[in-house]
Structures are given as C-alpha cells and as structure tokens.
Amino acid sequence: MTVRYQLLFSIVALCATLAFATAAHAQFGLSGSDSALSITFSPTTPSAGDTVRLTVQSPLFEMPESIIVWRANGAVIAEGRGVDSASVEVGAVGTETRISVTVTQADGASASTQATIIPAELDLLVDSDSYTPPFYRGRPQAGAGTNIRLQAVPRFRRAGTTFPASELVYTWRRNGEILGSFSGRGKSTAILPMAHLFGTDTISVEARSADGAISHTTSLSFSAAEPILTLYEDHPLYGILFHRALGASTFIPETEMTFAAVPFFAQALHAYDPRLNFAWRVNTAEIPTKRTEPNKLTINAENSSGVAFIELGITHATNYYLDAKGAWNVTFSSGAGGGTDLFRTNQ
Amino acid sequence: MNMRTIIKYLLAVIIVLILGSLAGWYFFLRAQTETITAQSTARGFGAAIPEGNADGTVSSFSPNTNTPVASAQTPSTDPAASKGFFSRIWSMVTGTGDNATAPSGIPSFGDRSSPFSAIGGTAPPSPQTAQPIPRPPQLWHIGEQPVAGQLFVGTSTSLRLRYVERASGHVFEADPETGKIIRLTNTLLPKIYEALLTENGHVFERSLDAGGNITTFAGNISSTVGTSSATSSAQALNGSYLEKNIASLSVDRRSGALFYVVRTPEGTAGVTADWNGTKQKTIFSSVLMSWLPSILADGRIILVQAAADGVPGYAYELKRDGALIPLLGPVSGLTVRVRPAGGSASSAILWGQSARGIMNLFVQVGQGSAVQLPIRTIADKCAWSPGKDLIVYCGVPQGTPGQNFLDNWYRGATHSSDALWRIDASAGTAEVAYAPPSNVSLDIEQIEVDGAGNYITFTNAADKSLWLLRLTK
C-alpha cells in the first residue's frame, strides 16, 4: 500500500513538474510543483472586468467522480462532484485574483493547485500613411503600396506598479509568422508595407513583462483599401470645397470651373506627388496636365453646349497596384449655347 | 472771328468735354456698382432669412425690413435709381448722399476694412454695423457664405455668436436677440478652411499655402473692439503664424492654451503651447497619423483616433506626462464627445459606433454602465449642453443614411437631412427638439450650445453656412 502511494506521489510530482514547465500562460502561476492538476482559462489573456471561465484538468484524477472545490481569493466560488469548471470576474488591471482548486477522489486521494490571474490590457491601434487631403477628419486607410502603421498601447500593472511600455517585450506576427525585425524589448510600434491588393492580413502583437509573469495578446484583421478618386470644386474665394464632392452627374451654375481631384488612400505624399500620373480626358479628348498642379483641371464652357464628360485615371510611377479611375458628367450653365463641345481647358 | 467768339467756342468745347467726362465717369461707376452688387447678391448679401417652424412651415425674414418676404432671394433695389441724373452724378463724385452708400455689407471704396485692403492696415476703421433687428426667427440662417468656425461668447444677457468667414478670414459677431451683425476684423486671410475661437478673443485661422502646407494664423481680436457698442469698428487681426503642417488643433476656450498634433518624420507629435505658439512642449508622440485632440473646459486633453467605418478606434485622456488613460475602444467607427466635469456635474461621454451601415449612439455617465440611445447618428453631430443637467443635442439623419455613411460624409460625398434631438443622458432618453421645415435640409455639424442652453449654432455640412436655433420660440 505504501509503495503504491509512493508510486502515485511520484507520478503526481512528475506531472506537476511538467505542467509547471509547460504552463500555458504567464498569468497562470502554479504554486506547487506537487500538483497533478492544471487550470486553463478562457479568455487566455483576460482584461480588466472580464469574466474568466476556469477549467481544471488532470491525467490522474477521475474528475467526474471527484469532489472539486474552487476558491477565488479564499472564497468558495463553486464546488461539487465533477464541477471541473467555474467562472470568476477579475478586477481592474493589475489586480491579482488567486484561484485555487482542490480535487478529492472517492478513495480519499487529493490534490490541489493554484493560479494567479493578473488582468492586463493591450490596445492595438492602426492607421496608414496613405494620402488624405488636409483637414480630412476620417482615418487614412491602407491602400496597396502604402504602409500600415501600428502602435501597441499596453496597460500592465502589478502590486501597484505600472510597467512602462518601453520595458515590455513585444512579439509581432503577421498571419502567424513572427516579424523578427519588429519584435523585441520596447518595440511597441511597427510600420509594415501593405503589399497585397487582395486578401486579408491578420496582425497580432503579444506583450510580455520581462519576468514573464504578465502577458497579453491582441490581434486585428484588415484588407487593403481601394483608392477612392474624388472630384471637388476649387473655388477662387473659398478654396477646394472638400465638403462637397461632385457626384456622377453634376450641374454647375457657372461657365467656368476649376476641378481638383483627390486620390484618397493612394500612395502619395500630397495630391500632386510627382510619382502620380494624372490622365485627364474631357469628352474623350486628352487634356495635357499642368506640371505644378496636375490634379487640377479648369474648364471654360463658353461657346459650347455646356456638357462635359470628365474622365480621370491615376497611376503611380512605381506602384503598379495603383490604378484609380473616375468619370463625371458635368453640365455647365453655358450662356452662349452652340452645338460644339469646344471646351477651353486651362491646364 | 474776334476774341470774344473764340472764347465762346472754347468755353463751349470745355463744357462739352466736362459733361462728356462726367457722363463717362457716371457710366463707368454705374457699371462697377452693378458688378459689385451682382457679385454681392450672388454671395448672399441682402438675401432673405428662411424661418423654419416646428410645424413644418417656412417663411423668409428680411434683415433690412424685419418683415417676412415671399422670396428667399430678393436682390436689393438700388436707391440711386430713383434719383435724378445730375444728382446721382454729383453724389457719386462727391461721395455724399444716400446714393453713395454701398449696399448693406459691402465695403465702400477706400475703406481699409475692404476684403481687398492690406493686411494689418492702420487707416481709421469705418463703422461696420448693420441695421438693428428686433429679433431673428427661431431658426436663423445667419449667412449663406461658408463659415470656417464659430463660438458663443458672452453671458446669456450679452450673448454673441462670433464666427469666421471662410472667404476672407474676417471675424464677425451676430447678436442672437437683435439679429445685428458686425464685423470685428478687417485683416484679409483668404480661404480659411478651419477656424477656432476662444472666449478671450483669440482666433486661429487655418488655410493652405501655395505648396499645399497647412498654415495656422494665431490672432487676437483687440479688446477695444466692442461687442455691445453699436458703433463698433473692424480692426486688424494682429498675430503670427504657428508652425506649418499642424494636422489637427485644439484650444482651451477660456485660456487659449493649445494642444496640437503635428506631423513628424516618425509619425505625429502632440505639443502643448500658449495661444501664440510660445512655451511649446512635446508631451506625446506616435507612429499613427490621425489623432484628433480636444481640450475640455476642465483642462483635460482628449485624444481620439480619426474614425473610419468598421475600423476599430480608441479614445484616451492624455495626461501632461504623456500617459494615455483609456476612455473607449476598440469601437468600430468610433466618434466621441466627452463632457467635462465641473461643479456638481459629473463627467460623461457620448460615443458613436459605425460599422456595416449601422450607426449606434451610446452614453455613459461617470463610472456607470453604458446606455444605448434610441437614435442613429454619429457623435460628430452632437454637442453637450454646458449646463448642470446632462443634456446632449444631436443632429440625427432622417431616413436611412446608407452604407459607409461615416466615410462618405467625411469625404463630402453624401449629406444627411437632420432633425435636432435632445438627449437626457441621466435618463438615457431622447426626444425631438426641433424638426426643420420640409423644404430646409440641414446636415448638422460643428454644433455648439450656449452656456445658458438657450441657443444652438451649427453649420450645414452641405454648404458650410451658419445657422442659429433658438430653443424657445
């Protein structure tokens, strides 16, 4: 009998050691190496206020037949035969919740283990350096050829001490593959090229305290945004009317107007980036672009029918993914009338 | 032919030449006056003010006669037309008489407050007052010209709406009670895309230079420019330019202190500074490009990621040591309006969520739980009332705004027709506060509530024109 218990104890100790060595998460600390039990919880990296579901597993104990008692910070939160899971609501960031579970078999064999949950939070912020016009209040979205700009904002705390973002170790992954050059201590930001035109990328970042005691992982998925070609009026008094994009068919109560094209989310530093090639057409006739402001077109509709079908295509000198097109039917208030479409374009 | 006859002929020739010159001068002046009048009419001078009522009816309001008129666009009749020919010539030459008066709102020749005067001109300013009006309509279309920004100044008894004209950068002030509009500044700063004002007279006018860089002019309205005097005069807007390419700017409305986000080679930096750009201190840096800051009345700095439909966004409070205290996130298409804490009122936060064509609005008071409101709009169309009660006013699109409304709205590719809703954040309820007449479409943005909660101002995003709504009839 004694030998049998010694053998059982040895197996339990071995399993406990293995379990300690392969602990799934740093927030889960086993207090004793003599435990044959392991606790898993979901979510694996809880945030403040989360309700965490705890599950106990063992290769040795018959859980359905065992009496299981769960405690959180000393208070019983669940107990009963075969109760191998329980839920607990964790506190604020940095607040420790000590979990203990005791499993007792019908034959009196018993084991217990402990874990400590320290909620942490990790925000993953994203935008892009794609082109948006001045005073644009929306988010620039990553078009093909632009860069995704990512910033991790961690909130790690323990025993009242906050871990500075610069002291944490970050591991960046793209579609599961570790980005070694972007990962490391203090590397809370990453600037990644948005190479794909199609498909979805998943970016994740794991932040871990230097001692491995606290960690958190966050991920997000996104696709490349299509550039959006938008046409505005460039008013002589008010400037470009960014608040009033021209629709597909527009009536203009003037005989002359300057148009400004804005390639939202394109790879460009500004609207007249020299790498952008603007190809204007008016009523199928090619219009030479102005060197200094190729994104602008002036049309004078005097002595014409007043109808202009404006087409614009934008390509990029090095980014072959960029090929944005737009077309607008513009009807001017032409005073002179006439049957010809002899628009005077002033590029 | 004797000398007497020669003199007669010479005198006749001289008289004919003088008359001819005067006639030519008259026709030249008339042509110029007509051109100016036509341009001014096109720009909205003398346009009638549409008055909307909650019952859906609409009428117009003439600022000159204070009587309802039938047409919204009523070109003013030139009073000179009813005068005699020589009287008109004499008046034009000497600049005296009624017929020498420029149409309402149009600067006269030689007036240094003209839109075409030199910057910082020092010539004696001329009065820039309009005819007093007893009381504007409940929904007052202050002007048809685009406006770059506005702010209520003064108390409830001397309340004024101060605003910046987009075309000229001139600062105007409108009296909500009398409808009187005066121009405060005469410094020409053309094409102002965005303007911020403070209660202590600072004005920040943002534009683009020839190279496409964002410029920010920080000016100060002279304290001698009266807001209540009927003889107030326009003066120069003195100031200086802040650094270029300030991507987004926020200002403490009381002190004028700045917090702005400027582009750097690494991304962006957040800088605090005095109103004129001195005492700069960088307290924040990021690789992200699109932060929208705001300084609350309680001094807190709020940083929100620019929003995009369906893309998660975050909002933080930025401490002066650079620490980011989380407020919200991740929330798809996040737009935020934070209410400052003050007095007995607790802080509250209103935010919008936009994804897959569905917009939701939430409110949270203090540390309480979030409540979803029964209206669908974005927080950019909302403003907290400064009073003790937790009241928010929001423009709420009538009908279905459509897919990706937020992105399209930011690009100016779509506009909504809004009703104004009043939200009681304490109770989590919302009710219609004002429904514009059916023939008035208002896409509400840049909405502000005055300190007493009696007036709401906003611009119509469709044309950037300025409106003022009196909450009590």
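Going by an unreviewed UniProt entry, chain A carries the name BIG2 domain-containing protein.

This part is about the overall build of chain A. Broken down by element type, chain A carries one helix and 26 strands. Sequence-distant contacts, at least 24 apart, represent 64% of the contacts inside chain A between residues at least 6 apart.

This paragraph deals with the sheet that holds strand β22 (residues 285-287) of chain A. Residues and elements named next belong to chain A. The mixed open sheet is built from five strands, whose spatial order is β19-β25-β24-β21-β22. Lying at the two open borders of the sheet, with one neighbouring strand each, are β19 (249-252) and β22. Geometrically, the sheet is characterised by an average inter-axis angle of 30° between neighbouring strands, direction not taken into account. Of the strand pairs in this sheet, β19 and strand β25 (residues 323-332) are connected by four bridges, and their pairing is parallel. Across the sheet, the residue bridging to F251 is T331, located in β25.

With 30 residues of chain A at the interface, the matching set in chain B holds 34 residues. It is strand β9 (residues 147-158) of chain A that contributes the most residues to the side of chain A that touches chain B, four residues altogether. Here the residues of the side of chain A that touches chain B sort into 14 nonpolar, eight polar and eight charged.

All names here are of chain B. Sheet topology note: the strand β22 (residues 348-355)/strand β23 (residues 358-365) ladder contains eight bridges and is antiparallel. Note that in β23 the partner of Q353 across the bridge is N360. In terms of strand pairing, β23 meets strand β24 (residues 371-372) through two bridges, oriented antiparallel. Each residue of the ladder has a partner; that of V363, found in β24, is V371. With antiparallel pairing between neighbouring strands as the criterion, β23 and β24 make up a hairpin whose turn holds five residues, including G366 at a positive phi of roughly 55°.

A separate point is the confidence of the model for chain A. Residue and element names in this part refer to chain A. Across chain A, the average pLDDT comes to 86, with 86% of residues at or above 70. Contacts for the low-pLDDT stretch residues 12-34, under 50 throughout, to residues beyond four places or in other chains number 49 contacts. A low-confidence stretch, residues 337-344 (pLDDT under 50), is modelled with 19 contacts involving residues beyond four sequence positions or located in other chains.

A few words now on unusual backbone geometry. A cis amide bond links A:S42 to the next residue, A:P43, at an omega of 0°. Considering the arrangement of structural elements, one finds A:P43 in the loop between β1 (38-42) and β2 (51-57). Across the junction of B:G329 and B:P330, the peptide omega takes the value -5°, indicating a cis bond. Phi is positive for B:K191, close to 55°, though the residue is something other than glycine. Along the chain, the position of B:K191 falls in the loop between β8 (181-183) and β9 (194-197). The residue B:N404 is not glycine, and still its phi comes out positive at about 50°. As for its placement among the helices and strands, B:N404 is situated in the loop between β26 (391-397) and α3 (405-410). For B:N404, a count of 20 C-beta atoms within 10 Å corresponds to the buried category.

Residues and elements named next belong to chain A. Pairing is antiparallel across the open sheet formed by three strands, whose spatial order is β1-β2-β5. The open sheet has two edge strands, β1 and β5 (85-89), and neither has a second partner. Averaged over all pairs of adjacent strands, the angle between strand axes in this sheet comes to 30°, irrespective of strand direction. Two elements, β1 and β2, share five bridges in a ladder whose sense is antiparallel. When the bridges of β2 are listed, T40 appears paired with T55.

Thresholds applied
Residues numbered from 1 in each chain as written. Chains lettered and ligands numbered in written order. Predicted model: local features only at pLDDT ≥ 70, side-chain atom pairs only at ≥ 80, totals over all residues. Helix = DSSP H or I, 4+ residues; strand = E, 2+ residues; numbered from the N terminus. Contact = placed C-beta atoms within 7 Å. Pairing = 2+ DSSP bridges. Axes fitted to C-alpha atoms, helices over the stretch in contact; angles between N-to-C directions. Nonpolar A, V, L, I, M, F, W, Y, C, P; charged D, E, K, R; others polar. pLDDT = per-residue confidence, 0-100. Buried ≥ 20, exposed ≤ 12 C-beta atoms within 10 Å, placed from the backbone.

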